[in-house]
Amino acid sequence: MFARDALSYDPIPLPDRLDLSDEQMLAAAQAFHDMMRKRHTVRDYSDRPVPREVIETCIRTAGTAPSGANHQPWHFAAVSDPALKQRIRDEAEEEERRFYAGGAGDEWIKALEPIGTNAVKEHLTVAPWLIVVFAQRWGQFEDGTRYKNYYVPESVNIATGFLLAALHHAGLCTLTHTPNPMRFLNDALNRPASEKPTMIIAVGHPAENATVPAVAKLKKPLEEISSFF
Ligand code: IYR
């Protein structure tokens, strides 16, 4: 993080150097793709507990993400307390009811039809963990003075991607959930006004009868998502 007394440039030799052959690189890239393509956004959870240490380790992975000026402008609030999960569910569902009752507008509701979502957010109480991601719009020194953070959404979203990949790699399912507005999460989780909640991630094992929407299996092909020059 940003420290007022560590402002000089001090290059050290690149640690952790990997030196793969082209064949090894391709095999590694393919193995990672094979693992990541098996990630699915899951809405139906089992209440099977997940050890806190697994969650901690995945958050550590998120914390390795690159960030603007290395300020690491993120905070991850991990919730397993049933009463707190219930409170978050109650407040999120209240907002979702408004969303589905017209707040979203017709076009948005239509876009969500193949995903099969509605205002009932059972995962928020059934999944053993909720991880709420907060973006720190500015930082604060111990004496209370503020410093600027840079590229905050970009940094936080990269870290969130790392977190989702880490959780999947650990054999867990996730659901990225964004009730709107999310300010109630600051109160519920005691986070300062300088932090903006960006996402609730439900984490756990899938329910026996978990399903995914068929359309979720349709991913755009490489030719559509890339161009090479
Ligand atoms: N936040 C709502 C609506 C929603 C919006 C999008 I875009 C999604 O991809 C899924 C849901 C909800 O969680 O139901």
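Residues numbered from 1 in each chain as written. Predicted model: local features only at pLDDT ≥ 70, side-chain atom pairs only at ≥ 80, totals over all residues. Heavy atoms only, no water.

### With respect to the overall build of the protein chain
Here is step 1: Each helix and strand counted, the protein chain has eight helices and six strands in total.
Here is step 2: Along the protein chain, helices (α) and strands (β) appear in the sequence α-α-β-α-α-α-β-β-β-α-β-α-β-α when read from the amino end.
Here is step 3: With the principal axes as the frame, the protein chain shows a C-alpha extent of 55 × 55 × 40 Å.
Here is step 4: Sequence separation of 24 or more characterises 79% of the internal contacts of the protein chain that already satisfy a separation of 6 or more.
Here is step 5: Summing over all exposed atoms, the protein chain offers an accessible surface of approximately 14,900 Å²; the carbon and sulfur share of this is 54%. (Helix = DSSP H or I, 4+ residues; strand = E, 2+ residues; numbered from the N terminus. Contact = heavy atoms within 4.5 Å. Areas by Shrake-Rupley, 256 points an atom, 1.4 Å probe, with all protein chains shown as cover.)

### Regarding the site of the ligand
Here is step 1: Near the ligand the following residues occur: Glu96, Phe99, Tyr100, Trp108, Leu112, Thr117, Asn118, Lys121, His177 and Thr178.
Here is step 2: Taking tyrosine 100, its side chain carries an N or O atom lying 2.4 Å from an oxygen atom of the ligand.
Here is step 3: Within the contact set of the ligand, an oxygen atom lies 3.2 Å away from a side-chain nitrogen or oxygen of histidine 177.
Here is step 4: For the ligand, the protein covers 71% of the area, taking 380 Å² as the surface of the free molecule.
Here is step 5: If you list the elements that add at least two residues to the shell around the ligand, you get α3 (82-103) and α4 (106-112).
Here is step 6: No other element matches α3, which puts three residues into the shell around the ligand.
Here is step 7: Along the lines of polarity and charge, the residues of the shell around the ligand split into four nonpolar, four polar and two charged. (Near = heavy atom within 4 Å. Polar contact = N/O pair within 3.5 Å; in protein donor to acceptor, adjacent residues only side chain to side chain. Nonpolar A, V, L, I, M, F, W, Y, C, P; charged D, E, K, R; others polar.)

### Observations regarding the UniProt feature "domain: Nitroreductase" (unreviewed entry) in the protein chain
Here is step 1: When the UniProt feature table is mapped onto this chain, "domain: Nitroreductase" (unreviewed entry) is found at residues 37-205.
Here is step 2: For the annotated span residues 37-205, helix accounts for 40% and strand for 21% of the residues, and the straight-line distance between the end C-alpha atoms is 17 Å. (UniProt positions renumbered as here; feature names shortened; annotations may be inferred.)

### Section: helix α2 (residues 52-62)
An α-helical turn contains 3.6 residues, so a residue and the one three or four places further along point in the same direction.
Here is step 1: Taken together, the buried positions of α2 are occupied by Ile55, Cys58, Ile59 and Ala62. Down the axis of α2, the smallest arc covering the buried residues is 100°, so these residues share one side. Relative to its buried face, α2 has exposed residues pointing more than 90 degrees away, namely Glu53 and Arg60.
Here is step 2: On its buried face, α2 sits against β1 (74-79), β2 (129-136), α6 (152-169) and β6 (195-204). (Buried < 20%, exposed > 50% of the residue type's maximum accessible area, 1.4 Å probe, protein only. Arc of directions from axis to C-beta.)

### Topic: the packing of aromatic side chains
Here is step 1: In the structure shown here, the tally under the stated rule is three aromatic pairs.
Here is step 2: Ring geometry for phenylalanine 141 against tyrosine 147: centres 4.8 Å apart, planes inclined by 45°, an arrangement best described as tilted.
Here is step 3: By relative accessible area, which is 13% here, tyrosine 147 ends up buried.
Here is step 4: Here the aromatic residues Phe99, Tyr100 and Trp108 are joined through ring pairs into a cluster of three or more.
Here is step 5: Arginine 146 extends its terminal NZ or CZ atom over the ring of tryptophan 138, reaching a point 3.8 Å from the ring centre. (Phe/Tyr/Trp six-rings, centres within 6.5 Å; stacked < 30°, edge-to-face > 60°. Lys NZ or Arg CZ within 6 Å of the ring centre and 35° of its normal.)

### Regarding the packing of α2 against α6
Here is step 1: Look at α2 against α6: their axes get within 7 Å of each other, and the N-to-C directions meet at 145°. In the packing of α2 onto α6, the handedness of the crossing is right-handed. Of the residues in α6, those in contact with Ile55, Cys58, Ile59, Thr61 and Ala62 of α2 are Ala159, Phe162, Leu163, Ala166 and Leu167.
Here is step 2: Considering only residue class, the contact of α2 with α6 consists of nine nonpolar, one polar and no charged. (Axes fitted to C-alpha atoms, helices over the stretch in contact; angles between N-to-C directions. Left-handed = near helix turned anticlockwise from the far one by under 90°.)

### Considering the sheet that holds β1
Here is step 1: Read from one edge of the open sheet, four strands run β1-β2-β6-β5, paired in antiparallel fashion. Of all strands in the sheet, those with a lone pairing partner are β1 and β5 (173-177), marking the two edges. Looking at each pair of strands side by side, their axes are set apart by 25° on average, direction ignored.
Here is step 2: Bridge analysis of β5 against β6 gives five bridges, and the strand direction is antiparallel. Of the residues in β6, the one forming a bridge with threonine 174 is valine 203.
Here is step 3: Across the sheet, α3 is in contact with β1, β2, β5 and β6; its angle to β1 comes to roughly 110°.
Here is step 4: Packing against the sheet, α6 makes contact with β1, β2, β5 and β6, and its axis sits at approximately 160° to β2. (Pairing = 2+ DSSP bridges.)

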